[in-house]
Amino acid sequence: MEMKSKQLLILYATQTGNALDVAERVAREADRRACRVLIRSIDEYDASSLPAVDTVIFVVSTTGQGDTPDSMKGFWRFLLQRNLGNHWLEGVHYAVFGLGDSGYQKYNFVAKKLDKRLSDLGATAVIERGLGDDQHPSGYEAALDPWMSSLWSGLNEIKPDFFPEGPDFLVPIEELIGQPKFQVTYHNIDNMDSQLSTTTDFKYLQMQIGRARSMSSGKVPHEKSKPDAFLKMVKNLPLTKASHEKDVRHFEFEFVSQVIQYEVGDILEVLPSQNSAAVDSFIQRCNLDPESFITVHPREMENHLLDNSLTALDVPIKLRTFVELTMDVASASPRRYFFEVMSFFATAEHEKERLQYFASPEGRDDLYQYNQKERRTVLEVLEDFPSVQMPFEWLVQLVPPLKNRAFSISSSPLAHPNQVHLTVDVVSWTTPFKRKRWGLCSTWLASLVPEERIYIPVWFHKGLLPPPPPSLPLVLIGPGTGCAPFRGFVEERAVQSQSSTVAPTLFFFGCRNKHNDFLYNDLWLSHSQNDGVLSEAKGGGFYTAFSRDQPQKVYVQHKMQEQSQRIWNLLGEGAAIYVAGSSTKMPSDVMVALEEIISKESGAPRESATRWLRSLEKAGKYHVEAWS
């Protein structure tokens, strides 16, 4: 027992990187207290070893509609085994910090159910679970700071030997900065690219992207570095009126590399292109040589000697290409640790003081206002603190990784062979200080001209909306761009109906105005008439809610109430419910409407209706895909 009490285990489950960021922060704060730490991604840890651990800290995010991150699924399945018993973790101490968004119905669901399961298995909580909320004015850090303070106090009470120097001992931050996690090696090469000159353009681009992203600090285990395919845009059509406040586009793409077989309901991930001038400005600001050839490795691999048997991904790459393909320099905001490390490299005293204040608990709210609320970019932050010259290794570690953007595919491969369609809201907003901001990927896609033949790197994934068999009746609810996957569903059923019978489909669509943002108006109306798949003659229906076209706001849930009996009848025939769109209130409002419909039409109490919907979810007949 003495041996295991000397090290604090931190396990994290992350989907976007926030949980990793928090876990590393907890680990650094433990280091400052002379507490030895082991930090691991949860999928790299053998769950059966938990009973042998003295104290474990879990940092877990909640994704989608209360889902565990991909890296946690195996671990969670193990914990749910019935044979573990309620004494399995007796003697193990734990703490849980969750990351979520209270705009979602199942806010921080993963942290809550993990906390309960650990307790049920006999483990003892050191402190109450902490729940970070993206909706809080200071983000998840508003809950993290007080939770960490309680954590150290609670740990010191039960395990003072974690802190050999005493509870009040703190190593100065400067002494802990140490070395960055990544090592950059520079190579003397005349022209690395000449060896690839015989390959086709997209093959060369695929190799470049694979090389760069395999070396990136944002590389996620099990994630493919190389794109699945390349697309070229063939159509870029506005779906909203020019006078409307939103700009929603319909994009059509064709495969220029191998054709990937996808299904309706699948997700397309796009690697956006960064602004070339911004990349150049970043390189110039950091005094980097864009033409130099580099390889990047985690520092624990620094003894790995480069030799003649390099793999394709070990091949050096131009520094500018690496920055352009892996480091988000002009879109994402840096994290708090970026400011902490910057303070170490600031030579101007007033800059150092301001950066140290930003990195402190006292400066948390001011940092949130300066950084996250204003969506300050890495380039802007570096320009605001001109005395800071950070080594490239630190920049590789701390600049947010350039992430793929995920979109619901809005086409059916049966209706559009060799093509992929997207329905994209071109994101723009104004910050509290009246600075105009644009979404990186949507703005880039909207700027593309089909004739330019730009190769777009993409990855295909399964989403949360499984493709329904033709015999399954459907109730679809997709307001706004939530209609995107259902465009594919309806087109697929239209093709299938030409050769066989398809089950009825009810579709509820909503937007603000009939004349401004009624997306795919003609398509839905054509399928709802002349025996189309949405026509009443085929047992279907198409219903619209235009929220701003009358004094009283009307939403999809109101239209569902109007069609209460039709929905109930279709559910009686075994229908599945699919919901897609904004994550704010819509999914929960739709759930409440369905509970009321089931209760009203069946005559059963509301609690029974709630249980009935839960059983529908467990049976795989209630699917939600929502985004913020």
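Residues numbered from 1 in each chain as written. Predicted model: local features only at pLDDT ≥ 70, side-chain atom pairs only at ≥ 80, totals over all residues. Heavy atoms only, no water.

**Thoughts on the overall build of the protein chain**
Here comes step 1: Each helix and strand in the protein chain was counted, giving 20 helices and 22 strands.
Here comes step 2: Relative to its length of 628 residues, the protein chain is compact, with a C-alpha radius of gyration of 27 Å against a globular reference of 25 Å.
Here comes step 3: Burial statistics for the protein chain: of 628 residues in total, 54% are counted as buried.
Here comes step 4: Long-range pairs, those at least 24 residues apart, make up 79% of the contacts in the protein chain between residues at least 6 apart in sequence.
Here comes step 5: Carbon and sulfur atoms make up 50% of the accessible area of the protein chain, which amounts to about 28300 Å² in all.
Here comes step 6: The centroid of the 66 positive side-chain charges in the protein chain is displaced by 5 Å from the centroid of its 78 negative side-chain charges. (Helix = DSSP H or I, 4+ residues; strand = E, 2+ residues; numbered from the N terminus. Rg over C-alpha atoms; globule rule 2.2 N^0.38 Å. Buried < 20%, exposed > 50% of the residue type's maximum accessible area, 1.4 Å probe, protein only. Contact = heavy atoms within 4.5 Å. Areas by Shrake-Rupley, 256 points an atom, 1.4 Å probe, with all protein chains shown as cover. Lys, Arg positive; Asp, Glu negative; His and termini not counted. Charge placed at Lys NZ, Arg CZ, Asp CG, Glu CD.)

**Observations regarding the packing of helix 19 (residues 586–602) against helix 20 (residues 606–618)**
Here comes step 1: For the pair helix 19 and helix 20, interaxial distance at closest approach is 8 Å and the crossing angle is 120°. Crossing geometry of helix 19 relative to helix 20 is assigned as right-handed. On helix 20, the residues touching Met 591, Val 592, Leu 594, Glu 595, Glu 596, Ile 598 and Ser 599 of helix 19 are Arg 606, Ala 609, Thr 610, Trp 612 and Leu 613.
Here comes step 2: In terms of residue class, the contact of helix 19 with helix 20 is made up of 7 nonpolar, 2 polar and 3 charged. (Axes fitted to C-alpha atoms, helices over the stretch in contact; angles between N-to-C directions. Left-handed = near helix turned anticlockwise from the far one by under 90°. Nonpolar A, V, L, I, M, F, W, Y, C, P; charged D, E, K, R; others polar.)

**As for unusual backbone geometry**
Here comes step 1: Of note, Asn 108 is a non-glycine position whose phi angle comes to about 50°, a positive value.
Here comes step 2: If you trace the backbone, Asn 108 turns up in the loop between strand 4 (93–100) and helix 3 (109–120).
Here comes step 3: Taking the relative accessible area as the measure of exposure, Asn 108 reaches 0% and is therefore buried.

**Some points on the pairing of strand 19 (residues 505–511)**
Here comes step 1: Burial analysis of strand 19 places 7 of its 7 residues in the buried class, the great majority of the element.
Here comes step 2: Pairing between strand 18 (residues 474–477) and strand 19: 4 bridges, direction parallel. Its bridge partner lying in strand 19, Leu 476 is registered against Phe 507.
Here comes step 3: Note on the crossover from strand 18 through helix 15 (residues 484–496) to strand 19: the handedness is right-handed.
Here comes step 4: Each parallel crossover has a hand, and for strand 19 linked through helix 16 (residues 521–527) to strand 20 (residues 541–546) it is right-handed. (Pairing = 2+ DSSP bridges. Right-handed = clockwise from strand over helix to strand, strands pointing away.)

**Observations regarding the pattern of salt bridges**
Any two side chains of opposite charge can pair if their charged atoms end up close together.
Here comes step 1: For the structure shown, the criterion picks out 29 salt bridges.
Here comes step 2: The salt bridge partner of Arg 249 is Asp 247, with a shortest N-O separation of 2.8 Å.
Here comes step 3: Since its relative accessible area comes to 17%, Arg 249 is described here as buried.
Here comes step 4: Overall, Asp 247 belongs to the partly exposed group, its relative accessible area being 25%.
Here comes step 5: Note that Glu 324 is salt-bridged to Arg 320, the shortest N-O span being 3.3 Å. (Salt bridge = Lys/Arg side-chain N within 4 Å of Asp/Glu carboxyl O.)

**Here's the deal with helix 8 (residues 319–326)**
Here comes step 1: For helix 8, the tally of buried residues reaches 7 of 8 residues, placing the bulk of the element in the interior.
Here comes step 2: Taken residue by residue, helix 8 has Leu 319, Arg 320, Thr 321, Phe 322, Val 323, Leu 325 and Thr 326 as its buried positions.
Here comes step 3: Of the surrounding secondary structure, the elements contacted by the buried residues of helix 8 are strand 7 (182–187), helix 6 (201–214), helix 7 (276–285), strand 11 (293–298), strand 12 (317–318) and helix 13 (392–398).

**What to know about the sheet that holds strand 8 (residues 229–238)**
Here comes step 1: Taken in spatial order, the 6 strands of this open sheet run 13-10-17-8-9-14, and their pairing is antiparallel. If you trace the sheet from one side to the other, it starts and ends with strand 13 (405–408) and strand 14 (419–425), each paired once. Taken pair by pair, the neighbouring strands of this sheet meet at an average axis angle of 40°, ignoring direction.
Here comes step 2: Note: strand 9 (residues 248–255) against strand 14, 7 bridges, orientation antiparallel. Directly across from Glu 252, in strand 14, lies its bridge partner His 421.
Here comes step 3: Of the strands in this sheet, strand 8 and strand 17 (456–461) are in contact with helix 6, which crosses strand 8 at around 105°.

**Brief notes about the environment of Val 59**
Here comes step 1: Relative to the assigned elements, Val 59 resides in strand 3 (residues 55–61).
Here comes step 2: Residue Val 59 is classed as buried on the basis of its relative accessible area of 0%.
Here comes step 3: For the pair Val 59 and Glu 165, spaced 106 residues apart in sequence, the C-alpha separation works out to 26 Å.
Here comes step 4: Excluding its chain neighbours within four sequence positions, the residues that come into contact with Val 59 are Leu 11, Tyr 12, Ala 13, Ala 19, Val 22, Ala 23, Phe 97 and Leu 99.

**Focus on the environment of Leu 84**
Here comes step 1: You can see Leu 84 is positioned in the loop between helix 2 (73–79) and strand 4.
Here comes step 2: Taking the C-alpha atoms as reference points, Leu 84 and Met 560, separated by 476 residues in sequence, lie 44 Å from one another.

**Considering helix 10 (residues 349–359)**
Within an α-helix, residues lying three or four positions from one another point in the same direction, as the helix has 3.6 residues per turn.
Here comes step 1: Looking at helix 10, one finds that the buried residues are Glu 351, Leu 355, Phe 358 and Ala 359. Along the long axis of helix 10, the arc covered by the buried residues comes to 95°, so they all point the same way.
Here comes step 2: Considering only its buried residues, helix 10 is in contact with helix 9 (336–345) and helix 11 (364–370). (Arc of directions from axis to C-beta.)

**A few points about the sheet that holds strand 20**
Here comes step 1: Read from one edge to the other, the open sheet built from 5 strands follows the order 20-19-18-21-22, with strand pairing classed as parallel. Among the strands making up the open sheet, the edge pair consists of strand 20 and strand 22 (622–627). If you compare each strand with its neighbour and ignore which way they point, the axes differ by 10° on average.
Here comes step 2: Packed onto the sheet, helix 19 meets strand 18, strand 21 (576–582) and strand 22 and runs at close to 150° relative to strand 21.

**As for the layout of surface pockets**
Here comes step 1: By volume, the second largest pocket is sized at about 800 Å³.
Here comes step 2: If you go around the second largest pocket, you meet 26 residues; those closest to its centre are Gln 65, Asp 67, Lys 106, Phe 109 and Glu 617.
Here comes step 3: Secondary-structure elements contributing two or more residues to the lining of the second largest pocket are helix 2, helix 3, helix 19, helix 20 and strand 22.
Here comes step 4: Counting residues per element, the lining of the second largest pocket draws most heavily on helix 3, which supplies 6 residues.
Here comes step 5: Split into classes, the residues belonging to the lining of the second largest pocket amount to 8 nonpolar, 6 polar and 12 charged. (1 Å grid on protein atoms, 1.4 Å probe; cavity = no way out; pocket = protein on both sides within 12 Å on 5 of 7 lines; lining within 4 Å. Points joined across faces, edges and corners; volume = space filled by probe spheres on them.)

Scope: geometric values only; no functional claims are made or implied.
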